[in-house]
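Spelled out, the chains give:
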Amino acid sequence: MTVELIPGANAALTATDIVVKVATGGAADVSSFRLYDGGKTRIDEDFIFYGQKINDDRTVEFLQNGNTTEFAVKLNLLNKDVQKIAFSATVDSGTVAALGFIKVSVNAGSETLISADVPVDNRSEKALILGELYLRNGQWKYRNVSQGFDGGLQPLAEHFGVEIANDPTPTPAPAPSPAPAINLSKVTLTKNSPSVSLTKRSGGYGLIKVNLNWTQKVKSGFFGSTNIDLDIGCFVRLKNGQKGVVQALGNAFGDYEQAPFVKLTGDDRTGQSSDGEWLHINGDQWAQLDEVLVYTFIYEGAVNWQEANASVTLHAPGQPPVETFLTEGNKKMGMCAIARLVNDNGNVKVERLNSYHNGHSELDKQYGWGFRWQRGSK
Amino acid sequence: MAVSLSKGGNVSLSKEAPAMTECSVGLGWDDRSTDGAPFDLDASVFMLGEGDKVRSDADFIFYNNLKGEGVEHTGDNRTGEGDGDDEVINVTFASVPADVKKLAFAVTIHEAESRKQNFGQVSNAFIRIVDKSNKTEIARYDLSEDYSTETAMIMGELYRHNNEWKFRAVGQGYNDGLGPLARNYGVNV
C-alpha cells in the first residue's frame, strides 16, 4: 500500500533498503545531503550528486536516467551520527515552476511505500528541499518538505552547512485591512504600506501603548556574544508649540496626565524583561498633541540590529496592533526613527519612518525638531 | 515526568500535578530558514462559562487581547525566532472568576490558508503545559510530527471538577484556522 504525503506530512518507513526516486518534468540537478546534528553536513562525501555518485561508506548511491534520478539508501548501514538525508532539486535558470512537476517516491524492491509529490506551480524558488529521511525515536521516517530558496544552490548549500550560514531577515507579512468585531488581523508597517490611521472611539483614543521588545540571541559564534541595551524614546510636540523629549537617558520619563501626555514606564537594560519597554501616550488628550516621533537607540553594546532582533508594536484600544521590525538596520548607525504619530485633523495617523541615524542631533536635524543636544548617561 | 502525547492522547492533572496553582502554556517553533512567508504560530485561550461558550468576547485571550482575569498572554511572536517557548500564556487558577468553568487552549497558524502552511512544514513545533511552581512539564504535543497536516488544534482544557482544577488533553486538530475555532466557542469574530 502506498502512503501519499502532502507537503508537511510524514510517515514511518517499513524497510531499511530503499530507493528514493525523483522524476521531474524538465532538466534539474537532483542531489542528496547526508546530515548530522543540527541538520548540517560534515565532510564533502556527505553531498551526493552527478559529480560524486557514491559516498564513502556506500550507503547512498546516485543513479540518473534522463529526468529521473534514483538514490539507493541503506539506512541500517549509516553511521550512527547521521540524523537525516535530505533530497533537493535545483534548476540553472528560471524557477522550479518551469519543471512542470516533481514526483517523489520511496520504494522498497518493487513496492512503492510512499508517494510525496512536490507542487511546483507558481513557485519562486530555484532550489527546493523535496523531502527528507529522518530518524525519530529510533525509527526512520520520510517527510515531504517542499520548501526552498529563491537564490538557488548557494543558499541551499549554506542551509546544510556547506558554508557559514547567515540568518535571513524575516519577511513581514502584508498588512490585512482591519475588520469590525474582534479583529484577527495584525498590521505590519512595511515599505509598501507605510502608514495607518487609527479608528477613533467615542471619547478619545484611550491609552495608546508603544512597546519596544528585543531579545538577545544566544549565540556561540566566532565573534562571541555581545550585550545590547536598547532604549525607546520619543520627541513630543504639543499643539501649543511646546516640545520635549521622553526617554530614560537624562531621566526624562515624561507624564501621562499632564504635558507632554507621554510617559515611559521603565527601562529594560538587558532585553530579558518579558515585555520590554513601554511608552504610554494619553490618547484622550490627543487634541493637545501635534506629533510624537518614536525612536529607538542602542545605548550600550555593539551596533547590530540583526542581533538585537527588535520589534516595535503600537497598541491602541480596540484596534489591531501595528508592528514594525528593526532587523534590517544599518550596521554603522545606532539610532532608528521608527514611526511618528501625527495629529491629522484630530485623527491619529501612524507613519513608518525606519530611517537610521548616528545620534539624537542627526535625527533631530533630519525631521526638523530643533533641540539642543549634549552628552548624557543613565 | 512529562507525558508526551500523540493524537487523542490523554493525561490526568490530578495524577501528574495535584498541587498545581499556576500553569504556563508554552508554544515553540523554529523560525523559517527557507524562503517564503514566515511561520507565525499563535497560542490562545478561551475562558468558557456555561454551555462551553465565552461569557463575552473579552474571554478570548489572544494576540490582540492579552489579558483576562487570571489569564495572561505574554505576547505575540511572529517568526519563532529564539529558543524554547516562543509564546507563553500564564494561568493563575485562584484569580479565574467562579463562573468560568473551563479554559480551552488552542494553537493556530496565522493565515495558514493563504500561506499554504500546516504544522508539518514548521520545524520543531510543539505546545506544552508546565506547572509554574516547579517548571515540570505536564503534557506536550509535537505538532510537526503528529499534527503535520493540520493548521489549528485544541490542545487541552483546564476545567473545574469538585472544587479543583483538572486538565484534559484534547489533541483535536482542525484545518480552518482561528476564526471558526473562536466562533465555535461563541466569540463574535
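Note that this is a predicted model, so its numbers are computed, not measured.

**A look at the nonpolar core**
Residue and element names in this part refer to chain A. Within the largest apolar cluster, 41 residues are counted, with the highest numbers of intra-cluster contacts made by Ile 208, Leu 230, Leu 279, Val 292, Val 294 and Leu 341. Of the residues forming this core, the biggest block, five residues, is contributed by strand 16 (residues 229–238). Other than its neighbours up to four places away in sequence, Leu 341 contacts Ile 208, Ile 281, Trp 286, Asp 290, Glu 291, Val 292, Val 294, Leu 314, Val 348, Lys 349 and Val 350.

**Points about the sheet that holds strand 3 (residues 41–48) of chain B**
All names here are of chain B. The antiparallel open sheet is built from five strands, whose spatial order is 4-3-8-11-12. Across the chains shown, the open sheet's two edge strands, defined by having one partner strand only, are strand 4 (60–61) and strand 12 (164–174). Here eight bridges tie strand 3 to strand 8 (residues 102–109), and the two strands are oriented antiparallel to one another. By the bridge assignment for strand 8, Asp 42 is matched with Thr 108.

**Examining the confidence of the model for chain B**
A residue-level look at chain B finds 92% of positions with pLDDT of 70 or above and a mean pLDDT of 87. The ipTM, which scores confidence in the relative placement of chains, is 0.85 for this predicted complex, and the corresponding pTM is 0.63.

**What about the packing of aromatic side chains?**
Taken as a whole, this structure holds 19 aromatic pairs over all chains when the rule is applied. With a centroid separation of 5.3 Å and 75° between ring planes, the pair formed by Phe49(A) and Tyr50(A) is classed as edge-to-face. Residue classification places Phe49(A) among the partly exposed residues on the basis of a relative accessible area of 21%. Overall, Tyr50(A) belongs to the partly exposed group, its relative accessible area being 45%. Seen from their ring centres, Phe60(B) and Phe62(B) are 4.1 Å apart, and the 0° between their planes marks the pair as stacked. Connected via pairs of aromatic rings, a cluster forms that spans Phe235(A), Tyr295(A), Phe297(A), Trp369(A), Phe371(A) and Trp373(A). Its guanidinium or amino end placed over the ring of Trp278(A), Lys209(A) lies 5.0 Å from that ring's centre, counting from NZ or CZ. Over the ring of Phe126(B) we find Arg140(B), and its NZ or CZ is 4.3 Å from the ring centre.

**Structural notes on the side chain of Asp142(B)**
Note that Asp142(B) resides in strand 10 (residues 136–142). Here Arg136(A) takes part through its side chain, which lies 2.9 Å from a polar atom of the side chain of Asp142(B).

**Here's the deal with the sheet that holds strand 15 (residues 207–213) of chain A**
Residue and element names in this part refer to chain A. An order of 13-23-22-15-20-19-18 is seen for the seven strands of this open sheet, with the pairing classed as mixed. One side of each edge strand has no neighbouring strand; the edge strands of this open sheet are strand 13 (187–188) and strand 18 (254–255). As judged from the two bridges shared by strand 13 and strand 23 (residues 322–325), these two strands associate in the parallel manner. Residue pairing in the sheet places Val 187 in a bridge with Val 322 of strand 23.

**Describing the pairing of strand 15 of chain A**
Residues and elements named next belong to chain A. As defined by bridge partners, strand 15 adjoins strand 20 (residues 277–282) across six bridges and the pair is classed as antiparallel. In the strand pairing of strand 20, Lys 209 is matched with His 280. Of the pairings in the sheet, the one linking strand 15 to strand 22 (residues 311–315) comprises five bridges and is antiparallel in character. Looking at strand 22, one finds that Asn 213 is bridged to Ser 311.

**Re the environment of Phe371(A)**
Residues and elements named next belong to chain A. Structurally, Phe 371 can be placed in the segment after helix 3 (360–367). Spatially, the C-alpha atom of Phe 371 lies 9.0 Å from that of Val 245, the residues being 126 residues apart in sequence. Apart from the residues lying within four places of it in its own chain, the contact partners of Phe 371 are Phe 235, Lys 243, Gly 244, Val 245 and Asp 364.

**Considerations on the interface of chain A and chain B**
In this assembly, 36 residues from chain A lie in contact with 33 residues from chain B. Overall, the association of chain A and chain B removes approximately 2900 Å² of surface from exposure, summing both partners, and the carbon and sulfur fraction of that is 49%. Linking chain A with chain B are four salt bridges, by the criterion used here. A salt bridge links Glu145(B) to Arg136(A); the shortest N-O distance between them is 3.7 Å. Contributions of two or more residues to the side of chain A that touches chain B are made by strand 11 (127–136), strand 12 (139–149) and strand 23 of chain A. Across the side of chain A that touches chain B, the residue classes break down as 16 nonpolar, 11 polar and nine charged.

**What to know about the pattern of salt bridges**
Under the defined criterion, the tally for this structure stands at 31 salt bridges over all chains. Among the salt bridges present, the one from Asp46(A) reaches Arg34(A), with a minimum N-O distance of 2.6 Å. One end of the pair, Asp46(A), is in the loop between strand 4 (29–35) and strand 5 (47–48); the other, Arg34(A), is in strand 4, and 12 residues separate them in sequence. Where Arg123(A) meets Glu125(A), a salt bridge forms, and the shortest distance between an N and an O atom there is 3.0 Å. Glu125(A) shares its class with Arg123(A); the two are buried. A cluster of three or more residues bridged by salt bridges with shared partners is formed by Lys84(A), Glu132(A), Arg136(A), Lys141(A), Arg143(A), Asp142(B) and Glu145(B).

Each value, and the rule that gives it
- Residues numbered from 1 in each chain as written.
- Chains lettered and ligands numbered in written order.
- Predicted model: local features only at pLDDT ≥ 70, side-chain atom pairs only at ≥ 80, totals over all residues.
- Heavy atoms only, no water.
- Core = buried A, V, L, I, M, F, W, Y, C linked by side-chain atoms within 4.5 Å.
- Buried < 20%, exposed > 50% of the residue type's maximum accessible area, 1.4 Å probe, protein only.
- Helix = DSSP H or I, 4+ residues; strand = E, 2+ residues; numbered from the N terminus.
- Contact = heavy atoms within 4.5 Å.
- Pairing = 2+ DSSP bridges.
- pLDDT = per-residue confidence, 0-100.
- Phe/Tyr/Trp six-rings, centres within 6.5 Å; stacked < 30°, edge-to-face > 60°.
- Lys NZ or Arg CZ within 6 Å of the ring centre and 35° of its normal.
- Polar contact = N/O pair within 3.5 Å; in protein donor to acceptor, adjacent residues only side chain to side chain.
- Buried area = accessible area lost by both parts, 1.4 Å probe.
- Salt bridge = Lys/Arg side-chain N within 4 Å of Asp/Glu carboxyl O.
- Nonpolar A, V, L, I, M, F, W, Y, C, P; charged D, E, K, R; others polar.

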